[in-house]
Amino acid sequence: QVQLVESGGGLVQAGVSLRLSCAASERTNVMGWFRQAPGKEREFVAGINMSGQYTKYADSVKGRFIISGDNAKNTVYLQMSSLKPEDTAVYYCATRRFSGIPVDRALYDSWGHGTQVTVSS
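Being a predicted model, the structure only gives us computed values, none of them experimental. (Residues numbered from 1 in each chain as written. Predicted model: local features only at pLDDT ≥ 70, side-chain atom pairs only at ≥ 80, totals over all residues. Heavy atoms only, no water.)

## Describing the environment of Met-31
Move 1: Along the chain, Met-31 falls in strand 4 (residues 30-36).
Move 2: Here the alpha-carbon distance between Met-31 and Ser-68, two residues 37 residues apart in the chain, equals 9.5 Å.
Move 3: In this structure, Met-31 is in contact with Leu-4, Cys-22, Ala-24, Gly-47, Ile-48, Met-50, Ile-67, Asn-74, Val-76, Cys-93, Ala-94 and Thr-95, ignoring residues within four places of it in sequence. (Helix = DSSP H or I, 4+ residues; strand = E, 2+ residues; numbered from the N terminus. Contact = heavy atoms within 4.5 Å.)

## So, the nonpolar core
Move 1: Ranked by internal contacts, the top residues of the largest apolar core, which has 34 residues, are Met-31, Trp-33, Leu-78, Met-80 and Tyr-91.
Move 2: For this core, the elements supplying multiple residues, two or more each, are strand 3 (18-24), strand 4, strand 5 (43-49), strand 7 (65-70), strand 8 (75-80), strand 9 (89-96) and strand 11 (115-120). (Core = buried A, V, L, I, M, F, W, Y, C linked by side-chain atoms within 4.5 Å. Buried < 20%, exposed > 50% of the residue type's maximum accessible area, 1.4 Å probe, protein only.)

## Some details on the pattern of salt bridges
Move 1: Taken as a whole, this structure holds six salt bridges when the rule is applied.
Move 2: Among the ionic pairs, Asp-87 bridges to Arg-64, the shortest N-O distance being 2.7 Å. One end of the pair, Asp-87, is in the loop between strand 8 and strand 9; the other, Arg-64, is in the loop between strand 6 (55-57) and strand 7, and 23 residues separate them in sequence.
Move 3: On the basis of relative accessible area, Arg-64 is assigned to the buried category, the value being 12%.
Move 4: Here the residues in one salt-bridge network are Arg-35, Glu-43, Arg-64 and Asp-87, joined through shared partners. (Salt bridge = Lys/Arg side-chain N within 4 Å of Asp/Glu carboxyl O.)

## Describing the sheet that holds strand 3
The pairing of strands in a sheet comes from backbone hydrogen bonds and takes either a parallel or an antiparallel form.
Move 1: Spatial strand order, 1-3-8-7: four strands in an open sheet with antiparallel pairing. Each of the sheet's edge strands pairs with one partner strand only, and the pair in question is strand 1 (4-7) and strand 7. Adjacent strand axes in the sheet meet at a mean angle of 15° when their direction is disregarded.
Move 2: The pairing of strand 1 with strand 3 spans four bridges and is classified as antiparallel. Its bridge partner being in strand 3, Glu-6 is matched across the sheet by Cys-22. (Pairing = 2+ DSSP bridges. Axes fitted to C-alpha atoms, helices over the stretch in contact; angles between N-to-C directions.)

## A short note on the environment of Ala-58
Move 1: Along the polypeptide, Ala-58 turns up in the loop between strand 6 and strand 7.
Move 2: Setting aside its immediate chain neighbours within four residues, Ala-58 contacts Phe-44 and Val-45.

## Some thoughts on the pairing of strand 9
Move 1: Within strand 9, eight of the eight residues are buried, which leaves it mostly tucked inside the rest of the structure.
Move 2: Pairing of strand 4 with strand 9, which is carried by seven bridges, proceeds in the antiparallel orientation. Directly across from Met-31, in strand 9, lies its bridge partner Thr-95.
Move 3: Relative to strand 11, strand 9 is paired through three bridges, and the arrangement is antiparallel.

## Quick word on the packing of aromatic side chains
Move 1: Here the structure, examined in full by the defined rule, presents four aromatic pairs.
Move 2: A connected cluster of aromatic rings, assembled from ring pairs, spans Phe-34, Phe-44, Tyr-108 and Trp-111.
Move 3: Over the aromatic face of Tyr-92 sits the side chain of Arg-42, whose NZ or CZ is 3.6 Å from the ring centroid. (Phe/Tyr/Trp six-rings, centres within 6.5 Å; stacked < 30°, edge-to-face > 60°. Lys NZ or Arg CZ within 6 Å of the ring centre and 35° of its normal.)

Put into structure tokens, the structure is as follows:
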């Protein structure tokens, strides 16, 4: 199983930016970000095919978040801008061996432990 380590979370005010990083122990096909707010289901945020660099976003973050990948470092980033209190959640990095960027978390193989992002109003 791929080992994943997330970093970059924190407590910020609404409107600012934050960048999350996730380093994988080996190269993988697809890397994605999910988030889980208290009392809610874990939801897809963004994903990237590391070879072709094509991306997919949840409607709730489109235009505000950008996902990017660095194949040389087996690392994916999530640049989050114009943060809102509703973005508050634990953010998880996930990988997938197969192609495609599904929104279903069950289709991802490995998960990180998560990093907390808290946005105050």
